[in-house]
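So the chains spell out like this:
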Amino acid sequence: MNLVRLIQNREIQPDGIWTYAGNDFVRKEMVHYNYHAALSSSVAVYQRMKLSATLSQHVHCVNTVNWSPDGQYLASGSDEGMCCIWKHGYPEDESLRYWWNTGHRANIFCAKFLPTGENNVVCTASGDCHIHVYDINQGSRGLSESTRGTDEFLLEPFKKYECHLDRVKKLGPVSAAVFLSAAEDGTIRRFDIRAPHACCLTAGSFRPGHRCKDTLLAYQRNREFCSIAVRPLNASQFIVAGSTADVLLYDQRMPKLPVSTYLPYEESEGRITGVAFNWNGLQIAANYSLRGVYTMDVDGPITGYAPPSSPQSSDSDGEGGAAGSRALVGNSDDEGGAPL
């Protein structure tokens, strides 16, 4: 389908082109074929892409880059504990607006904006098990478009969360004040920056976090969470993945058992380095170490794979299956895979 036809269909029928496709011997599935998906998979579009800018400020490995909700700013974090904010559309030597030393004692694995509407709140997650929340407006220079970012920005976190027991790998913004965190301690926690936070110590424990009131989901053993994504258009749902081959879809309102479990191949072994929803939350992409990238339909046909063991908060074992999937990209040469 050519570009002109795609644009015409978008204008005439904004919801896309609906067609019947396939039969899973139970019911016919409706496949929503939209111009967004068609353009994103177009070879011609990829061929026209070129390097837009090279942003230079970090000294060590950059582990995370994330756009602000409006696409105007880019947040980056690196191994030296530095967080940078870049302005889109500026010349390379003027695009750095702010940079500061976060004080993290280990690598920054994630830096994300909260959707406040002002691009002023940034959260960082690190290998030191801590999460910091910053308000750029509270820095020494404030939010000023005329300020050059060549000098260090003096900024302290107005919130610190130190209850995770292992490395915090990813954050998932839910609203302007709420976000989820995924860590290698096998827990998903939900933090509200408007509320006070305190963790209780259990008997015989020397570290906080064992009885954190903000723990949304906790697995007993043999599961590390490396990635999390909140579902577009339905922020109550989120997907998590990590040290096992399955992607878990949860609802924050009922977190005891997963809503769905997705596994793109029959083998139960594998490690996922990144997960993401597409723009409308109808598809999931998962990056598997040594296997490649797979996409899975959220409401695809059940194939009968067993769900993982229940988390600590669960009272009983659930029943579920894995949604249908298809391979998107071949195997990666990098042992860890390419994060999404």
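Look up: the structure comes first, before these words.
Remember, predicted model here, so these are calculated numbers, not experimental data.

Asker: It is not clear to me how the pattern of salt bridges should be interpreted in this structure. Could you clarify?
Answerer: All chains considered together, the criterion is met by nine salt bridges. E184 is the partner of K169 in a salt bridge, and the nearest nitrogen-oxygen pair spans 3.3 Å. A residue pair is termed long-range when its members are at least 10 positions apart, and K169 in strand β11 (residues 168-173) and E184 in the loop between β12 (178-183) and β13 (187-192) qualify at 15 residues. For K169, a relative accessible area of 13% gives the class buried. The partner of K213 in a salt bridge is D214, with the nearest N and O atoms 3.5 Å apart. Given a relative accessible area of 13%, D214 falls into the buried group. Among the charged side chains, a network of salt bridges with common partners joins R167, K169, E184, E224 and R271.

Asker: Help me understand the nonpolar core, please; the structure alone is not making it clear to me.
Answerer: One broad rule of soluble globular proteins: the nonpolar side chains tend to lie buried together. Ranked by internal contacts, the top residues of the largest apolar core, which has 18 residues, are I239, V247, I284 and Y288. Where this core is concerned, the elements lending two or more residues are β18 (237-242), β19 (247-251), β21 (272-277), β22 (283-288) and β23 (292-297). Look past the residues within four positions of I239 in its chain and what remains in contact with it is S227, I228, A229, V247, L248, L249, V275, A276, F277 and I284. Counting 17 residues, the second largest nonpolar core, distinct from the first, contains A125, V133, V168 and C212.

Asker: What is the right way to look at the sheet that holds β19 in this model?
Answerer: Two pairing modes exist for strands in a sheet, parallel and antiparallel, and in both the strands are linked by backbone hydrogen bonds. Spatial strand order, β17-β18-β19-β20: four strands in an open sheet with antiparallel pairing. At either margin of the open sheet sits one strand with a lone partner, and together these are β17 (225-230) and β20 (260-262). Averaged over all adjacent pairs, the angle separating strand axes in this sheet is 20°, with direction ignored. Bridge analysis of β19 against β20 gives three bridges, and the strand direction is antiparallel. Each residue of the ladder has a partner; that of V247, found in β20, is Y262.

Asker: In this structure, what is going on with the environment of E156? I would like to understand it.
Answerer: Looking at where E156 falls in the secondary structure, it is placed in the loop between β9 (131-135) and β10 (159-161). Relative accessible area serves as the criterion here: at 61%, E156 is assigned to the exposed category. Sequence separation of E156 and D135 is 21 residues, and the distance between their C-alpha atoms is 8.4 Å.

Asker: Would you mind going over unusual backbone geometry with me for this structure?
Answerer: Leave glycine aside and you will find that most residues have negative phi; peptide bonds, for their part, are mostly trans. Its identity is not glycine, yet C129 carries a phi of approximately 75°, on the positive side. Phi at L233 is positive, roughly 70°, even though this residue is not glycine. Along the chain, the position of L233 falls in the loop between β17 and β18. A residue is classified by how much of its surface remains accessible, and L233, at 79% relative accessible area, is exposed.

Conventions and cut-offs
- Residues numbered from 1 in each chain as written.
- Predicted model: local features only at pLDDT ≥ 70, side-chain atom pairs only at ≥ 80, totals over all residues.
- Heavy atoms only, no water.
- Salt bridge = Lys/Arg side-chain N within 4 Å of Asp/Glu carboxyl O.
- Helix = DSSP H or I, 4+ residues; strand = E, 2+ residues; numbered from the N terminus.
- Buried < 20%, exposed > 50% of the residue type's maximum accessible area, 1.4 Å probe, protein only.
- Core = buried A, V, L, I, M, F, W, Y, C linked by side-chain atoms within 4.5 Å.
- Contact = heavy atoms within 4.5 Å.
- Pairing = 2+ DSSP bridges.
- Axes fitted to C-alpha atoms, helices over the stretch in contact; angles between N-to-C directions.

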